[in-house]
Amino acid sequence: MVTTYTPVTYRFTLEELNIEVEPIYKLMGFDPDDVHEPFPEMIQNELAILAPYCNIQGGYVLVEPVELQDKTIIINGVTFEVGKKVTRYLKNSQRMALFTCTAGEGISARSKQFMDNGDMLEGYITDVIGSVIVETAMDRIHNYIKNEYSLMGENTTNRYSPGYCNWSVGEQFKLFSFLPDNFCNVSLSESALMHPIKSVSGFIGLGTDVKFIEYLCDNCNSTNCIYRNLK
Amino acid sequence: MEQLYSQLADCIEFGKINQAAPYPPQFKGMPGADELTQQLLAEGASAGDILSKALIIGMEKIGVKFRENKVFVPQVLMSAKAMSTALVYLKPLFAQNGSDRKGTFIIGTVEGDLHDIGKNLVAMMVEGNGYEVIDLGTDVTAEKFMAAGKEHPDAVIGMSALLTTTMGNMEKIVREIKAAEPNRKVCIGGAPVNDAFAKKIGADSYNPDPQGVVEFLNAMAS
């Protein structure tokens, strides 16, 4: 029997997300207290005109029961090979929110157009802003989940995604099999690349005994992760 | 003349595009890459000398700083912008005299992968270091790399991948290129790959940063 899950979705405008420049500076590598022109002005100018290029939406399905083993998580007969690290972080989860979220196709298209015209810096700035938009939107959804389940005495974990913490990006296919087709307009290519490119997906664990880890990066030795010490 | 070369190298290193550009603050009101390149040409400097005595010097310095985490992608892109401004004047002259370039580099992101910021960064650093760059873009198949290789028989091929799922495509592409042209030099880069992977798939070089690619190409060219 095919189990279907009830999806929960959200949409945001760029204005609603009230994007801050600090995470943009950090993702570019800068110390937020030591950023010089022209970068702050270029970022502000781009933020001011990006709204029409955004189609920000995200959502999740809540799945249970979940079975956590040493290196795997089994949900409704599907085994996720998440590795030891992620199973440890998701320890004690009684249920999980399987999510995706996107900033929309327009931002990536705008970034690509800049780059195709040789304006690499402008294209890069747009790309980084797109990353921050999708993460900020997902922060909101994460908070909605946290607030809703805290009323029932449950906690939430951090977000964990295929492609990070040694969890293979190829596992996206299993994750997306739990989501409705083209959920929030996000789809996967043959190589597990999400379209639109500025999209995220992953797991959030829920339960009375799960933990949110404040300094997750301290426990990871990846040196090329774009999220390293971002939060 | 030497003073002008040195000034232009500084403009490239610090990303000073032209006199009107407010960045970097310490160069405010001073001539930038645009004006200095024109001045050097007007005073009789050759395109090759401007490339080797100013552009390459500036790009090497910013490349090393980037490797050492002293600057970040936006500053490298500002340098690249200053370099591109200078190249607008030099490229037509290179076309007249191809020997001014150190060699040709074909670059692309492998089939199945659409990430291109790292690839673009490498392309710009390599161009600024005196090479002609043929950028094939993203989602590039073995056939496309090999077709470009036929047009540029002495070119080195570089390819990048950001996804672990496209590392398999990278392996396939490298093996196909090497099967057809065993002497063709191929280098790889990208977040999920490393030196061991390069050796396993038969690539000639793995480089974790753009300056490493430049150093590999310089070693091949010397």
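Residues numbered from 1 in each chain as written. Chains lettered and ligands numbered in written order. Predicted model: local features only at pLDDT ≥ 70, side-chain atom pairs only at ≥ 80, totals over all residues. Heavy atoms only, no water.

Draft legend 1. Looking closely at the overall build of chain A. Each helix and strand in chain A was counted, giving seven helices and 10 strands. Dimensions of chain A, computed from C-alpha atoms along their principal axes, come out at roughly 55 × 35 × 35 Å. Residues classed as buried in chain A amount to 51% of the 231 residues present. For chain A, the proportion of contacts with a sequence separation of at least 24, taken over those separated by at least 6, is 75%. As presented, chain A carries roughly 11,200 Å² of accessible surface, and 47% of it is formed by carbon and sulfur atoms. (Helix = DSSP H or I, 4+ residues; strand = E, 2+ residues; numbered from the N terminus. Buried < 20%, exposed > 50% of the residue type's maximum accessible area, 1.4 Å probe, protein only. Contact = heavy atoms within 4.5 Å. Areas by Shrake-Rupley, 256 points an atom, 1.4 Å probe, with all protein chains shown as cover.)

Draft legend 2. Representation of the layout of surface pockets in the model. Of the volumes computed, that of the second largest pocket is approximately 400 Å³. Together, 23 residues line the second largest pocket, and A:G118, A:M120, B:M124, B:E127 and B:D135 are the ones closest to its centre. If you list the elements that add at least two residues to the lining of the second largest pocket, you get α5 (105-116) and α6 (120-150) of chain A together with α4 (73-96), α5 (117-128) and β2 (131-135) of chain B. The element that contributes the greatest number of residues to the lining of the second largest pocket is α4(B), accounting for seven residues. Classifying every residue of the lining of the second largest pocket by side-chain character gives 10 nonpolar, five polar and eight charged. The two domains that each donate at least three residues to the lining of the second largest pocket are domain 1 (1-100) and domain 2 (101-222) of chain B. (1 Å grid on protein atoms, 1.4 Å probe; cavity = no way out; pocket = protein on both sides within 12 Å on 5 of 7 lines; lining within 4 Å. Points joined across faces, edges and corners; volume = space filled by probe spheres on them. Nonpolar A, V, L, I, M, F, W, Y, C, P; charged D, E, K, R; others polar. Domains from an automatic or database assignment.)

Draft legend 3. Layout of the pairing of strand β7 (residues 155-160) of chain A. Residue and element names in this part refer to chain A. Buried residues dominate β7, accounting for five of its six residues. In terms of strand pairing, β7 meets strand β10 (residues 199-207) through four bridges, oriented antiparallel. Opposite T156, over in β10, you have L206 as the bridge partner. (Pairing = 2+ DSSP bridges.)

Draft legend 4. Broad picture of the packing of aromatic side chains. Evaluation of the coordinates by the stated rule reveals 12 aromatic pairs over all chains. When the centroid spacing of 5.8 Å and the interplanar angle of 40° are considered together, the rings of A:Y5 and A:F178 count as tilted. With a gap of 173 residues between them, A:Y5 in the segment before β1 (7-12) and A:F178 in the loop between α7 (172-176) and β8 (187-188) connect regions that are remote in the sequence. The residues A:Y5 and A:F178 share a single accessibility class, namely buried. Ring centres 5.3 Å apart and planes at 65° place the aromatic pair A:F39 and B:Y23 in the edge-to-face group. Of this pair, A:F39 sits in helix α3 (residues 39-49) while B:Y23 sits in the loop between α1 (2-14) and α2 (33-42), each in a different chain. Since its relative accessible area comes to 11%, B:Y23 is described here as buried. In textbook terms, an aromatic cluster arises when at least three aromatic residues are bridged by ring pairs, as seen for A:Y5, A:F80, A:W167, A:F178 and A:F203. (Phe/Tyr/Trp six-rings, centres within 6.5 Å; stacked < 30°, edge-to-face > 60°.)

Draft legend 5. Here's a closer look at the confidence of the model for chain B. Confidence along chain B averages 91 in pLDDT terms, with 98% of residues attaining 70 or more. Mean pLDDT in chain B bottoms out at α5(B), which sits at 87, and peaks at α2(B), which reaches 97. (pLDDT = per-residue confidence, 0-100.)

Draft legend 6. Layout of the nonpolar core. Of all hydrophobic cores here, the largest spans 91 residues; its most connected members are A:I24, A:I133, B:L8, B:L55 and B:F105. If you tally residues by element for this core, the top one is α6(A), at 14 residues. Setting aside its immediate chain neighbours within four residues, A:I24 contacts A:I19, A:I43, A:L47, A:V128, A:I129 and A:V132. Formed by 25 residues, the second largest nonpolar core is a distinct cluster that contains A:I73, A:Y160, A:W167 and A:F176. (Core = buried A, V, L, I, M, F, W, Y, C linked by side-chain atoms within 4.5 Å.)

Draft legend 7. Spatial organisation of the interface of chain A and chain B. Counting residues at the interface gives 21 residues for chain A, matched by 20 residues for chain B. For the pair chain A and chain B, the interface holds one salt bridge. Here A:E122 and B:K81 are joined by a salt bridge, their closest N and O atoms 2.4 Å apart. Summed over the shared surface of chain A and chain B, the number is three residue pairs in polar contact (both at pLDDT 80 or more). (Salt bridge = Lys/Arg side-chain N within 4 Å of Asp/Glu carboxyl O. Polar contact = N/O pair within 3.5 Å; in protein donor to acceptor, adjacent residues only side chain to side chain.)

Draft legend 8. Fine view of empty space enclosed by the protein. Applying the stated criterion across every chain, the model contains one cavity of 30 Å³ or more. If you go around the largest cavity, the residues you meet are A:M115, A:M120, B:V73, B:L77, B:I117, B:N120, B:L121 and B:M124. No other element matches the four residues that α5(B) contributes to the lining of the largest cavity. A breakdown of the residues in the lining of the largest cavity according to their chemical character gives seven nonpolar, one polar and no charged.

Draft legend 9. View of the pattern of salt bridges. Residues and elements named next belong to chain B. For the structure on display, the rule yields 24 salt bridges over all chains. Of the charged contacts, one joins D209 and R67 as a salt bridge, the two residues approaching to 3.0 Å between their closest N and O atoms. Note that D209 is positioned in the loop between β5 (205-206) and α9 (210-221) and R67 in helix α3 (residues 47-67), a separation of 142 residues in sequence. On the basis of relative accessible area, D209 is assigned to the buried category, the value being 12%. Here R175 makes a salt bridge to E171, at a shortest N to O gap of 2.9 Å. Highlighted residues: R175 and E171, both in helix α7 (residues 167-180), separated by four residues, approximately one helical turn. Looking at R175, the relative accessible area reads 40%, which means it is partly exposed.

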